[in-house]
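Residues per chain, in single letters:
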Amino acid sequence: MSRLQVKVLDDRIGRDFDLPQRATAGSAGIDLRAMVETPITLSPGDCELLPTGLSVYIADPNLAGMILPRSGLGHKHGIVLGNLVGLIDSDYQGPLMMSCWNRGTKDFTIEPGERIAQFVLVPIVAAELDVVDEFDASERGAGGFGSTGTA
Ligand SMILES: O=c1ccn([C@H]2C[C@H](O)[C@@H](COP(=O)(O)OP(=O)(O)OP(=O)(O)O)O2)c(=O)[nH]1
Ligand SMILES: [Mg+2]
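Residues numbered from 1 in each chain as written. Chains lettered and ligands numbered in written order. Predicted model: local features only at pLDDT ≥ 70, side-chain atom pairs only at ≥ 80, totals over all residues. Heavy atoms only, no water.

## Things to note about the UniProt feature "domain: dUTPase-like" (unreviewed entry) in the chain
Feature annotation in UniProt places "domain: dUTPase-like" (unreviewed entry) on residues 17-149, given in this structure's numbering. Annotated as 5% helix and 40% strand, the span residues 17-149 places its first and last C-alpha atoms 50 Å apart. (UniProt positions renumbered as here; feature names shortened; annotations may be inferred. Helix = DSSP H or I, 4+ residues; strand = E, 2+ residues; numbered from the N terminus.)

Listed below in structure tokens is the structure:
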């Protein structure tokens, strides 16, 4: 288990709402709460930047954070992320924000403290770019975008 530094920016966390945590011991993600002041209704197509009430400092450049949708909200209600996936740099120390997008067909109301997305830590391979004139030949070469067929 790794450690992650977190600042609580909203005093309702720890008082009215638990600090975000894993729903089960094996959960990959930590659910993030929408720390809005009042319920917010997203009409179909609406996208709002919502605070999590937290900032995190990952510190290790070999790690990054990702904010991902929750599958139940995404599949059943069309509530996903406006940036599809949020990527959190290891040196970012600002407020952790969620871009929340209603890609569905009905209004959806988010209550203060509702868990609407999840945070995961992932390893990063930081590569330097080596400029070359030719690549060593590979089996695929430049084929892509369906070049191998579907069967
Ligand atoms: O869903 C997100 C995505 C990003 N961030 C924060 C953390 C991240 O480290 C920073 C910058 O994100 P990114 O690099 O994706 O955005 P950018 O548009 O390239 O901004 P910048 O020029 O600041 O890098 O914004 C969030 O809080 N939530
Ligand atoms: Mg950037």
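## Side note on the pairing of strand β2 (residues 30-34)
Within β2, 5 of the 5 residues are buried, which leaves the element mostly enclosed by the surrounding structure. Side-chain alternation along β2 places I30, L32 and A34 on one buried face and D31 and R33 on a second face that is also buried. Of the strand pairs in this sheet, β2 and strand β10 (residues 114-123) are connected by 5 bridges, and their pairing is antiparallel. Of the residues in β10, the one forming a bridge with I30 is F119. (Buried < 20%, exposed > 50% of the residue type's maximum accessible area, 1.4 Å probe, protein only. Pairing = 2+ DSSP bridges.)

## What to know about the site of ligand 1
Around ligand 1, the neighbouring residues are I67, N83, G86, L87, I88, D89, Y92, P95, L96 and M97. The contact in question runs from an oxygen atom of ligand 1 to an N or O atom on the side chain of N83, over 3.0 Å. The contact in question runs from a nitrogen atom of ligand 1 to an N or O atom on the backbone of M97, over 2.8 Å. Summarising the interface, the protein chains cover 49% of the accessible area of ligand 1, which totals 570 Å² for the free molecule. Contributions of two or more residues to the shell around ligand 1 are made by β7 (86-88) and β8 (95-102). Its residues assigned to classes, the shell around ligand 1 shows 7 nonpolar, 2 polar and 1 charged. (Near = heavy atom within 4 Å. Polar contact = N/O pair within 3.5 Å; in protein donor to acceptor, adjacent residues only side chain to side chain. Areas by Shrake-Rupley, 256 points an atom, 1.4 Å probe, with all protein chains shown as cover. Nonpolar A, V, L, I, M, F, W, Y, C, P; charged D, E, K, R; others polar.)

## Some remarks on a nonpolar patch on the surface
Judged by side-chain polarity, V6, V8 and L19 come together as a nonpolar surface patch covering roughly 220 Å² of accessible area. With respect to the secondary-structure elements, V8 resides in strand β1 (residues 5-8). (Patch = residues over 30% accessible without salt bridge, like charges linked within 9 Å, V, L, I, M, F, W, Y side chains within 5 Å. Salt bridge = Lys/Arg side-chain N within 4 Å of Asp/Glu carboxyl O.)

## Describing the sheet that holds strand β6 (residues 79-81)
Across a sheet, strands are paired by hydrogen bonds formed along the backbone, either parallel or antiparallel in direction. Spatially, the 4 strands line up as an open sheet ordered β1-β4-β8-β6, and their pairing is antiparallel. Bordering the open sheet on either side are β1 and β6, each of which pairs with just one other strand. On average, each strand axis in the sheet is tilted by 45 degrees relative to the strand beside it, whichever way the strands run. Pairing analysis gives 6 bridges linking strand β4 (residues 47-57) to β8, with the strands arranged antiparallel. Looking across to β8, one finds that P51 is bridged to M97. (Axes fitted to C-alpha atoms, helices over the stretch in contact; angles between N-to-C directions.)

## Comments concerning the side chain of N102
Counting through the fold element by element, N102 comes out in strand β8. A relative accessible area of 0% means that N102 is categorised as buried. Separated by 2.8 Å, the side chain of N102 and the backbone oxygen of K106 make a polar contact. Among residues more than four places away in sequence, those in contact with N102 are L42, S43, P44, G45, D46, H77, G78, I79, D107 and F108. (Contact = heavy atoms within 4.5 Å.)

## Describing the pattern of salt bridges
A full pass over the atoms with the stated rule returns 6 salt bridges. One salt bridge in this structure joins R12 and D10, with 2.7 Å as the shortest N-O distance.

## Concerning the UniProt feature "binding site: substrate" (unreviewed entry) in the chain
UniProt's entry tags R70, S71, G72, N83, L87, I88 and D89 with the feature "binding site: substrate" (unreviewed entry), counted in the numbering of this structure. A maximum C-alpha distance of 26.5 Å among these annotated residues, which run over 20 residues, shows that they spread across the structure rather than meeting at one spot. Among the residues examined, N83 registers a relative accessible area of 42% and is labelled partly exposed. Position of I88 among the secondary structure elements: in strand β7. Every residue in contact with I88, bar those within four places of it in the chain, is listed here: V56, I58, A64, G65, I67, L96 and F119.

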